[in-house]
Amino acid sequence: MIMNRDLTVGKPQTVLWKFCLPLFGSIIFQQLYNIADSLVAGKFIGENALAAVGNSYEITLIFIAFAFGCNMGCSVIVSQMFGAKDYKGVKTTVTTACMFSAALCGILMLTGILGCEPLLQSIHTPEELFADSSLYLEIYVWGLPFVFFYNIATGIFSALGDSRTPFYFLAASSSANVAVDILFVKAFGMGVSGVAWATFLCQGVSCLLAVLTVYGRLRQIPVQEKPPLFDWAILKKILVVAIPSILQQSFISVGNIMIQSVINGFGASVIAGYSAAVKLNNLVITSFTTIGNGISNFSAQNLGARKYERIREAFHAGLKMVWCLCIPFCILYIFCGKYLLLLFMEQGSAAAMMTGRQFLWILSPFYFVVSAKLVADGILRGVSAMRKFMTATFTDLILRVVLAFVFSAAMGSAMGIWCAWPVGWTIAMGCSVVFYRREYRRLSADV
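Structure report, in brief. (Residues numbered from 1 in each chain as written. Predicted model: local features only at pLDDT ≥ 70, side-chain atom pairs only at ≥ 80, totals over all residues. Heavy atoms only, no water.)

Attention now goes to the packing of aromatic side chains. The final tally for this structure, using the stated rule, is 16 aromatic pairs. Judged by centre distance (5.8 Å) and plane angle (55°), the rings of F82 and Y87 are tilted. Here F82 falls in the buried class, since its relative accessible area comes to 5%. Measuring from ring centre to ring centre gives 5.1 Å for F359 and W418, while their planes differ by 80°; the resulting arrangement is edge-to-face. (Phe/Tyr/Trp six-rings, centres within 6.5 Å; stacked < 30°, edge-to-face > 60°. Buried < 20%, exposed > 50% of the residue type's maximum accessible area, 1.4 Å probe, protein only.)

Shown next, in the form of structure tokens:
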């Protein structure tokens, strides 16, 4: 148990920084999986391959949304029980979450195998991209068990206050993924399928190692009696957090798919430029989301321990943390975006390059806004205020999707789509911060 950490003691800002920094490192390597796929596809296969991988990526995010929801449902409830020193409940929560996740994963695999092509058709995938997009997506679906159980394992690590172990796994597996991507594509000439199989294999190895490590860690937690493997009451608690988290991520993914369908109407070059730029954008947004997840674990443990003042301090510490990240990313994307995009394209067309640069120029200044929203969302999720969490999320999503259609039609170009992002982020941030303050006042009044 030496790697487990009690987040209810120590100076909140110091504890949170030490806990979240490895999480940030982890997400950098997690994103390396997706970035590596696009980078290798664009560099060693061609612009159409980059567009095909990017096109499929938006659909894979729906599956990731379900895995993420299971991660958060298990992680938040385990955090609350760990903070309350209910170790029997910790173990039952883990096994209950695993059983539920296995059943859900099976349903999604069946849906994905049968529905890959209809999904690609629904977003108006160009004919020249369809075969590669379908192939990439099909291989990805077969690897869903690895995605699910790896997410459950990392959620458990975070709930126990251990953010370093997931970082070690991801650093090794993501680095290996880059090497295997290049080997399969350049040496073996496997094309887009090589990109997909490389990710499949590396995710499988990291999942197996993570699950075995979690099993060993849980065995070290002392309990007076053997905990039950499944508990309906605990499953209900998990679902209270998991379902809104799944809905949040899946509706965002559906919204992104709708936006992708608008982008697809502007041709393969615009799709390729967007595919490269959105990877860079997702690296930043996912970093903020991961820090928000760490704040969720911190808030959940302190909720269990009834140390509410530490939750307020976590909000301010979280803002400092994400804004420290915003500054370099914003500067880098505005002034060096061209060179970063060239990582994905050997010789990108003028249209693809301009698309990517416009996307980064418009969105990056608003990272300060969306990061504040995600910090507040992390606290709302950690204290199980899921209705407020969902309201802010849907506000952002609905605005971005609707305005993407409106602005692109009004401007007659894809730039209108990018302009929808800042509007949704700004209004939703206001909602999230107001909701967080109301929830903190409610908790404080109960003391």
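Attention now goes to the side chain of R310. Relative to the helices and strands, R310 is located in helix α10 (residues 309-341). Lacking a salt bridge, the buried R310 has E313 as its closest oppositely charged neighbour, with an N-O distance of 6.3 Å. Filtering out sequence-adjacent residues up to four positions away, R310 remains in contact with L7, T8, V9, G10, P12, V15, F298 and N302. (Helix = DSSP H or I, 4+ residues; strand = E, 2+ residues; numbered from the N terminus. Lys, Arg positive; Asp, Glu negative; His and termini not counted. Salt bridge = Lys/Arg side-chain N within 4 Å of Asp/Glu carboxyl O. Contact = heavy atoms within 4.5 Å.)

Turning to unusual backbone geometry, a few remarks are in order. Although it is not a glycine, R306 adopts a positive phi angle of roughly 60°. One can find R306 in the loop between α9 (268-304) and α10. R306 sits in the exposed class, given a relative accessible area of 51%.

To continue, consider empty space enclosed by the protein. In total, this model carries four cavities of 30 Å³ or more according to the counting rule given. The space that makes up the second largest cavity amounts to roughly 60 Å³. Taken together, Y136, I139, Y140, G143, V147, A196, T199, F200 and Q203 form the lining of the second largest cavity. Of all the secondary structure elements, the ones that give two or more residues to the lining of the second largest cavity are α4 (127-142) and α7 (192-219). For the lining of the second largest cavity, the element with the most residues is α7, which contributes four residues. In terms of residue class, the lining of the second largest cavity is made up of six nonpolar, three polar and no charged. (1 Å grid on protein atoms, 1.4 Å probe; cavity = no way out; pocket = protein on both sides within 12 Å on 5 of 7 lines; lining within 4 Å. Points joined across faces, edges and corners; volume = space filled by probe spheres on them. Nonpolar A, V, L, I, M, F, W, Y, C, P; charged D, E, K, R; others polar.)

It is worth spelling out the layout of surface pockets at this point. The calculated volume of the largest pocket comes to roughly 350 Å³. Those elements that provide at least two residues to the lining of the largest pocket are α3 (87-122), α5 (144-159) and α7. Tallied by class, residues from the lining of the largest pocket come to 13 nonpolar, two polar and three charged.

With that settled, the discussion passes to the environment of C105. With respect to the helices, strands and loops of the structure, C105 is situated in helix α3. What C105 contacts, discounting residues up to four positions off in sequence, is L144, P145 and F148.

Everything listed here is a matter of geometry and, on its own, says nothing about what the molecule does.
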